[in-house]
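Topology and contacts: notes
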Amino acid sequence: MLAILENRKPEVLPKFVIEETLPAEPIPQIEWQHSPTAEAMLDNTLNCIPQHGEWKTWSAWDYLEFFLDWVLFAFGHPAYKMLPKEPAGCEGASMRLYQMFDLSILMLYPEDYMGRLLPQICGKTAQKSSGFYPTPLALCQFISKLVSGDKTERISSFNEPACGTGALMLTQSNYCLSGIGQDIDPTLLKCALFQFYMFSPWLAVPIWWLGQTDLLLGNTLSSDRPQSINAAYWYNEWFEPVESQAENYTDCRVEHEISSGESSEVIDLNDQTSIHSNPVIQEVVKGKRRSRKTTTSPHQFTLFNLDDF
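A few points on the structure. (Residues numbered from 1 in each chain as written. Predicted model: local features only at pLDDT ≥ 70, side-chain atom pairs only at ≥ 80, totals over all residues. Heavy atoms only, no water.)

**Description of the environment of Val71**
Heads up, the rule is: To qualify as a helix, a DSSP run of H or I must reach at least 4 residues; to qualify as a strand, a run of E must reach at least 2; elements of each kind are numbered from the N terminus. Residue contacts follow a heavy-atom distance rule, with two residues in contact if any of their heavy atoms lie within 4.5 Å.
With respect to the helices, strands and loops of the structure, Val71 is situated in helix α4 (residues 60-75). When the C-alpha positions of Val71 and Pro84 are compared, they lie 9.7 Å apart, and in sequence the two are 13 residues distant. Once residues within four sequence positions are removed from consideration, Val71 is found in contact with Phe101 and Phe194.

**A few points about the side chain of Asp43**
Tracing the chain through its elements places Asp43 in helix α3 (residues 36-47). In this view, Asp43 contacts Trp55, Lys56 and Leu117; residues no more than four positions away in its chain are not counted.

**Re the pattern of salt bridges**
This is how the line gets drawn: We define a salt bridge as a side-chain nitrogen of Lys or Arg found within 4 Å of a carboxyl oxygen belonging to Asp or Glu. Burial classes follow relative accessibility: with a 1.4 Å probe on protein chains only, a residue under 20% of its type's maximum area counts as buried, one over 50% as exposed, and anything between as partly exposed.
Summed over the entire model, instances satisfying the criterion amount to five salt bridges. The partner of Glu65 in a salt bridge is Lys190, with the nearest N and O atoms 2.9 Å apart. With a gap of 125 residues between them, Glu65 in helix α4 and Lys190 in helix α10 (residues 186-199) connect regions that are remote in the sequence. Since its relative accessible area comes to 10%, Lys190 is described here as buried. The structure contains a network of salt bridges with shared partners spanning Glu65, Asp69 and Lys190.

**Focus: the packing of aromatic side chains**
Any two aromatic rings considered together are summarised by their centre-to-centre distance and by the angle between their planes. Stated precisely, the cut-off is as follows: Here is the rule: rings of Phe, Tyr and Trp (six-membered ring for Trp) pair when centre to centre is within 6.5 Å. Planes less than 30 degrees apart are stacked, more than 60 are edge-to-face, and the remainder are tilted.
In the structure shown here, the tally under the stated rule is 10 aromatic pairs. Seen in terms of ring centroids, Trp70 and Phe101 are 6.2 Å apart; in terms of plane orientation they differ by 85°. Their pairing is edge-to-face. On the criterion of sequence distance, the pair formed by Trp70 in helix α4 and Phe101 in the loop between α5 (93-100) and α6 (103-108) is long-range, its members being 31 residues apart. Ring geometry for Tyr235 and Trp238: centres 6.5 Å apart, planes at 65°, overall edge-to-face. Linking Tyr235 with Trp238, this pair stays in helix α12 (residues 231-238), spanning three residues, or about one helical turn. When its relative accessible area of 4% is taken as the criterion, Tyr235 is described as buried. Among the aromatic residues, those joined into a cluster by ring pairs are Phe67, Trp70, Phe75, Phe101, Phe194 and Tyr197.

**So, the pairing of strand β3 (residues 214-217)**
Operational definition: Two strands qualify as a pair provided DSSP detects at least 2 bridges between them.
A two-sided burial pattern is seen for β3, the buried positions comprising Asp214 and Leu216 on one face and Leu215 and Leu217 on the other. One ladder, built from two bridges, connects β3 with strand β4 (residues 227-228); its direction is antiparallel. Looking at the pairing, Leu216 lines up with Ser228 of β4.

Encoded structure:
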């Protein structure tokens with residue numbers, strides 16, 4: 001990071017940083033195994049959102065968005081500070097999800113479940129045309145094995161320019177601790193983030209000093225600068241500017257509105273110039289930012305107020 005800020009060629013990460021900071025054990029290897037029971041549980045969970053009927057209707061994408069916002073709030077992601085608003089006709093959906101959703105069975109049988117479920121609603125073109133063509137997880141495993149071989153390079157990074165629900169990133173997480181995924185569809189990126197929390201937490205909560213780890217919203221084939229939907233919020237959660245620098249930082253912020261009503265800066269991690277100009281990273285490196293004393297809101301760890309009972 002210092003090399004980027006000083007416009008010089010980055011040096012190899014010192015060996016002592018790896019030895020003293022990263023655990024000596026290899027990356028925990030995920031053995032991917034699909035479970036019809038786990039997939040059925042997830043499908044039944046989504047069916048709990050509407051009060052009547054099933055979720056695979058013309059409103060399927062609204063129900064899916066609500067579930068993703070709900071579960072990312074439950075995981076404590078800093079971009080989701082409050083429970084999402086329940087869709088019309090879905091009163092009480094939060095409590096029904098709380099009672100139905102079983103995280104343990106998904107953890108027991110890791111798989112790209114969102115990549116399996118979404119094609120079932122992609123035909124609802126009256127509301128949305130996603131152009132989503134998921135890559136089978138078995139093929140993703142083969143690609144990752146072909147690229148990385150038998151080596152586990154914890155300090156290496158990878159880039160997936162059309163990540164979808166994150167299947168290839170999930171399989172590559174067996175070899176690397178940092179990587180960037182980009183997609184044009186924000187719902188697919190939320191699906192990827194949801195699955196990262198379960199199976200590859202270092203992609204959901206970036207090891208910010210190790211390498212570039214983020215999910216970017218934007219068209220990979222265009223020249224438009226993509227928007228960070230993950231790392232930008234963690235940087236703001238972990239670090240705050242020193243008081244004397246707060247005014248300068250506010251002037252150079254680029255705010256990005258999200259569904260929860262919060263805002264944060266947009267970071268383009270595809271090129272080094274964005275890191276060079278990003279005020280958060282600059283101020284961390286230069287000592288103008290300090291760690292926050294408080295982090296995620298405690299309200300994110302309860303889905304209802306116990307005092308009401």
